Amino acid sequence: MWRYIVAALLIFIGAIELLLALNPRMRNEIMKNSPIPLPSAAPYYFFFAGLSAMVMALGLIFYHRIF
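Just so it is clear, the structure is predicted and the values come from calculations on it, not from any experiment.

Draft legend 1. Region of the structure containing the pattern of salt bridges. Evaluated as defined, the whole model comprises one salt bridge. Here glutamate 29 and lysine 32 are joined by a salt bridge, their closest N and O atoms 3.2 Å apart. Of the two residues, glutamate 29 and lysine 32, both sit in the exposed class.

Draft legend 2. Just a nonpolar patch on the surface, in detail. Taken together, the side chains of Leu22, Tyr44, Tyr45, Phe47, Phe48, Leu51 and Val55 present a nonpolar region at the surface, about 800 Å² in accessible area. Sorting elements by how many residues they give to the nonpolar patch places helix 3 (residues 42–61) first, with six residues. When you line up the elements, phenylalanine 47 lands in helix 3. When its relative accessible area of 32% is taken as the criterion, phenylalanine 47 is described as partly exposed.

Draft legend 3. Geometry of the confidence of the model for the chain. Overall, the predicted model of the chain reaches an average pLDDT of 90, with 99% of residues at or above 70. Mean pLDDT across the elements of the chain bottoms out in helix 4 (residues 63–66) (78) and peaks in helix 1 (residues 2–22) (94).

Draft legend 4. Up close: the packing of aromatic side chains. For the coordinates displayed, the defined rule picks out one aromatic pair. Each ring, one from phenylalanine 47 and one from phenylalanine 48, has its centre 5.6 Å from the other, and the planes form 70 degrees; the classification is edge-to-face. Judged by its relative accessible area of 52%, phenylalanine 48 is exposed.

Thresholds applied
- Throughout this description, residue numbers start from 1 for each chain and increase along the sequence as written.
- This being a predicted model, a pLDDT of at least 70 is required before a residue's local features are given, and a value of 80 or more before pairs of side-chain atoms are given or counted; all residues contribute to the totals for chains, interfaces and linings.
- Think of the side-chain values as coming from all heavy atoms in the structure, minus any hydrogens and water.
- Whenever Lys or Arg places a side-chain nitrogen within 4 Å of a carboxyl oxygen from Asp or Glu, that contact is recorded as a salt bridge.
- A 1.4 Å probe rolled over the protein chains alone gives each residue an accessible area, and that area as a share of the maximum for its type sets the label: buried under 20%, exposed over 50%, partly exposed in between.
- Any residue with relative accessible area above 30% and no salt bridge may belong to a patch, with like charges joined within 9 Å and the nonpolar Val, Leu, Ile, Met, Phe, Trp and Tyr side chains within 5 Å.
- Note that accessible areas follow from Shrake-Rupley with a 1.4 Å probe, and for residues the cover is restricted to the protein chains shown.
- We count a stretch as a helix when DSSP gives it H or I for four or more residues in a row; a strand needs E for two or more, and each element gets its number in order from the N terminus.
- One number per residue, pLDDT, summarises how confident the predictor is, and it ranges from 0 to 100.
- Between the rings of Phe, Tyr and Trp (Trp by its six-membered ring), a pair exists once the centres lie within 6.5 Å; its type follows the angle of the planes, with under 30 degrees stacked, over 60 edge-to-face, and the other angles tilted.

Structure (structure tokens):
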């Protein structure tokens, strides 16, 4: 049961990061109040972080079928 809760949380986090990677106006508005300046490669960072969260969630869900 715990792995489904963690997988759902990872899918949620991954979806938010992919949304921030693909929507520059929302990303700039959210990061405007950040004390750390946003690097120019931020969309790529958000995209790969969201993608890795989704892959980890799928790995947790389908782990028992592979091994």
